[in-house]
Amino acid sequence: MSPLKPPVARRVAIVAGSRVPFARSDGPYATASNQDMLTAALDALVERTGLQGPGAVGEFVAGAVLKHARDFNLARETVLGSKLDPRTPAYDIQQACGTGLQAVIAAANKIALGQTESAIAGGADTASDAPLGVNDDLRRILLEARRAKSAGGRLKALARVRPSHLVPDIPRNAEPRTGLSMGEHAAVTARVWGVTREAQDELAATSHQRLAAAYDRGFFEDLVVPFRGLPRDQNLRPDSTAAKLAALNPVFGLKDPEPTMTAGNSTPLTDGAALVLLASEEWAEARGLPVLAYLTAYETAAVDFVRGDVAQGEDGLLMAPAHAVPRMLERAGLGMADFDLVEIHEAFASQVLATLAAWEKRGLAAVDRDRLNVTGSSLATGHPFAATGARIVATLAKLLAEREGPGRGLISVCAAGGQGVTAILERP
C-alpha cells in the first residue's frame, strides 16, 4: 500500500463575521445564556451568507470561559438550536480570553490541511449568568450521603448540613496561583512599566471615539446583529474624553502611592457572542462569497507571571503577547513597519501601553497609533471573554477588505493564566 502524501497547506480565507452587540453584565442580556447569544450570532451569519442547506458548513468550533454544567457541549447544542444543518459537527474549546482567536486557529488548521472546506468559529460569555458552585463542604456531605448504603447512613450524613454550607461558591475574577484579580495584576504591570494615568485615559477615550465613528459610518451593519433590543455595544460612550475619564477614582492598585487604573480605563464585565466564517478559496468562490482576508500566521505564548508579578518583574499576567509577537514576526520575516493595521485587545489601557513598550524593548519598531485599533476595541465594546478574539478577527478582516490594494494586519490578545494568542491577517 502506498504511503499517504503529506498534505499541502492551503490558504485560509476569512469570509464573514457576525456578533451580537456586547452588553454590560446584569443589563439587557441578564437572562440570556451563552447558547442564546451564540445562536443569535450564528443564525444571523447563516442567513447573511446563505448557509441554510444540508452540509453547508464543515464544522462549528466555539467556547466560553464561564460555563454552567449545561454548557458542557455548548458548541454542539448551539448548532442543534440554530438554522445551521443539525448534522454539522461541533466541539468546544477554551483558552481564557484567547478562546475566540484560538477557536479560529483550530478551524483554520483543518482547512489549511484539507480536512474540511469551511468552518465557523468563535465564542460567547455571560458575566450576568455566571455559574454558582455548591459550597465545597456541602458537596462533600452530599457525595457522602449518595455513597451511603442505607437510609440511616444518608440521614446521618445530611444531619451535618449547617446554614453556612448553603452559601454558594461564586466565580472570582482572581488567578488561582496568586489570589490577585486581573486588575490587580495589571496594576503591577502598569507600575513596573511606568504607564501613566494620562496615557491610559487618552487611549481609553480614543477607543470610544473610534468605535462611535465606526458605527456612525455604518461599518458594523453587516457584522453586528441587534439582540434583545440592543442595536449597538452598550458600553460605548461616544462623548468620552480624557478629561472626563480623569475625574474617575482609581479602582485597582490602591496600595500604590499613585494608583492609575480606573473603571474608565479598564474593561467592564460584559455579555456577548461573536463568530467568524472561514473557508478554502475554492469553497468561497463556489458560493459566490467574497474573501475579506487570509489568516496567514499565528503564535501563542505563556509567561511565568507568578514569579514575574510577585517579584515585580516584566513578565506580568497579561504580557505573553510581548513574547508571542516577536517570535511570530521573526518566523514570518516581517517587522512592525510591514503592518497597515494593528489590533490589540484592550483588557486594560495599561496592558496595551505596556505591551507596546515591551515590543519596542524587544527590538520592534514603534506602532503608529493611527494604525492601532482604528475602530476602537475592548475598552469601548466591552469584553465577553471568549467572544473577543472572533470580534477582532472579523473587524480586522473587514478593515483590510475596505482598503485599496494589499494590506496586512496584526492581532494580539492577552489571556488569563499568563497566556497570549496572536495572529496575522493579509489581503494580497
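Residues numbered from 1 in each chain as written. Predicted model: local features only at pLDDT ≥ 70, side-chain atom pairs only at ≥ 80, totals over all residues. Heavy atoms only, no water.

Q: How would you sum up the overall build of the protein? Please name residues and give values.
A: When you go through the protein residue by residue, the secondary structure sums to 14 helices and twelve strands. Taking 428 residues into account, the globule formula puts the C-alpha radius of gyration at 22 Å, and the protein, at 22 Å, falls close to it. Taken across its 428 residues, the protein has 55% of its residues classed as buried. Pairs at least 24 apart in sequence give 80% of the contacts found in the protein among residues at least 6 apart. If you sum the accessible surface of the protein, you get close to 18300 Å²; carbon and sulfur atoms cover 53% of it. Across the protein, the mean location of the 45 positive side-chain charges is 7 Å away from that of the 48 negative side-chain charges. (Helix = DSSP H or I, 4+ residues; strand = E, 2+ residues; numbered from the N terminus. Rg over C-alpha atoms; globule rule 2.2 N^0.38 Å. Buried < 20%, exposed > 50% of the residue type's maximum accessible area, 1.4 Å probe, protein only. Contact = heavy atoms within 4.5 Å. Areas by Shrake-Rupley, 256 points an atom, 1.4 Å probe, with all protein chains shown as cover. Lys, Arg positive; Asp, Glu negative; His and termini not counted. Charge placed at Lys NZ, Arg CZ, Asp CG, Glu CD.)

Q: Please provide a residue-by-residue account of the pairing of strand β1 (residues 12-19), values included.
A: Among the eight residues that make up β1, eight are buried, leaving the element largely enclosed by the rest of the structure. Where β1 meets strand β9 (residues 293-302), three bridges bridge the pair, whose relative direction is antiparallel. Directly across from Ala13, in β9, lies its bridge partner Tyr294. (Pairing = 2+ DSSP bridges.)

Q: Can you explain the pairing of strand β11 (residues 407-415)? Please cite residues and give values.
A: Within β11, eight of the nine residues are buried, which leaves the element mostly enclosed by the surrounding structure. Pairing of strand β10 (residues 341-344) with β11 involves four bridges; the strand directions are parallel. Considered in β11, the bridge of Val342 is made with Leu410. Sheet topology note: the β11/strand β12 (residues 419-427) ladder contains nine bridges and is antiparallel. Of the residues in β12, the one forming a bridge with Val413 is Val421. Between β11 and the antiparallel strand that follows it, β12, lie three residues; Gly417 among them carries a positive phi value of about 80°.

Q: Can you break down the packing of helix α7 (residues 197-216) against helix α12 (residues 349-361) residue by residue, with the values?
A: Angle between the axes and distance between the axes are the two parameters that describe a pair of packed helices. Axis separation between α7 and α12 bottoms out at 9 Å; the angle between their running directions is 105°. Relative to α12, the element α7 is oriented roughly perpendicular. Contacts between α7 and α12 pair Ala199, Gln200 and Leu203 from the former with Ala349, Ser350, Val352 and Leu353 from the latter. Partitioned by chemical class, the residues of the contact of α7 with α12 number five nonpolar, two polar and no charged. (Axes fitted to C-alpha atoms, helices over the stretch in contact; angles between N-to-C directions. Parallel < 35°, antiparallel > 145°, perpendicular 65-115°, else oblique. Nonpolar A, V, L, I, M, F, W, Y, C, P; charged D, E, K, R; others polar.)

Q: I'd love a proper account of the environment of Leu113, names of residues and values included.
A: With respect to the secondary-structure elements, Leu113 resides in the loop between α3 (99-112) and β5 (118-125). Taking the C-alpha atoms as reference points, Leu113 and Asp26, separated by 87 residues in sequence, lie 42 Å from one another.

Q: Can you explain the environment of Ala354? Please cite residues and give values.
A: Within the secondary structure, Ala354 sits in helix α12. Between the alpha carbons of Ala354 and Thr189 there is a distance of 7.2 Å; along the sequence they are 165 residues apart. In contact with Ala354, not counting residues within four places along its chain, are Thr189, Trp193, Val195 and Met319.

Q: Can you tell me about the nonpolar core, naming the residues and giving the values?
A: Counting residues in hydrophobic clusters, the biggest one holds 47 residues, and the most contacted among them are Leu278, Ile411 and Leu425. Counting 39 residues, the second-largest nonpolar core is a separate cluster that includes Val15, Ala16, Ala23 and Met37. (Core = buried A, V, L, I, M, F, W, Y, C linked by side-chain atoms within 4.5 Å.)

Q: Give a description of the state of the cysteines that names residues and reports values.
A: Here a disulfide denotes one covalent bond, and it connects the sulfur atoms of two cysteines. For the coordinates displayed, the defined rule picks out zero disulfides. With no disulfide partner, Cys97 has as its closest neighbouring cysteine sulfur the one in Cys414, 6.4 Å distant. By relative accessible area, Cys414 is classed as buried at 2%. (Disulfide = S-S within 2.5 Å.)

Q: Tell me about unusual backbone geometry, and please be specific about residues and values.
A: Even without being a glycine, Ala96 presents a positive backbone phi close to 50°. For Asn373, which is not glycine, the phi dihedral falls at a positive 45°. Within the element layout of this structure, Asn373 appears in the loop between α12 and α13 (378-381). Asn373 gets classed as buried once you look at its relative accessible area, which sits at 3%.

Q: Quick one: what's the story with the packing of aromatic side chains, residue by residue and with numbers?
A: Under the defined criterion, the tally for this structure stands at four aromatic pairs. Among the aromatic residues, ring-to-ring pairing joins Tyr215, Phe219 and Phe220 into one connected group. When the ring centre of Tyr294 is taken as origin, the NZ or CZ atom of Arg11, which lies over that ring, is 4.0 Å away. (Phe/Tyr/Trp six-rings, centres within 6.5 Å; stacked < 30°, edge-to-face > 60°. Lys NZ or Arg CZ within 6 Å of the ring centre and 35° of its normal.)

Q: Summarise the pattern of salt bridges; cite the residues concerned and give the values.
A: Tallied over the full model, the rule gives 22 salt bridges. Here Asp36 ties to Arg228 by a salt bridge, and the two come within 3.9 Å at their closest N and O atoms. In this pair, Asp36 is assigned in helix α1 (residues 34-49) and Arg228 in the loop between α7 and α8 (242-245), connecting sequence segments 192 residues apart. By relative accessible area, Arg228 is classed as partly exposed at 39%. For Glu299, the salt bridge goes to Arg331, with nearest N and O atoms at 2.7 Å. (Salt bridge = Lys/Arg side-chain N within 4 Å of Asp/Glu carboxyl O.)

Q: Residues and numbers for the side chain of Asp271, please.
A: With respect to the helices, strands and loops of the structure, Asp271 is situated in strand β8 (residues 270-280). Nearest to the buried, unbridged Asp271 among oppositely charged side chains is Arg228, at 8.8 Å. In terms of polar contacts, Asp271 uses its side chain to reach the backbone amide nitrogen of Ala127, at 2.7 Å. (Polar contact = N/O pair within 3.5 Å; in protein donor to acceptor, adjacent residues only side chain to side chain.)

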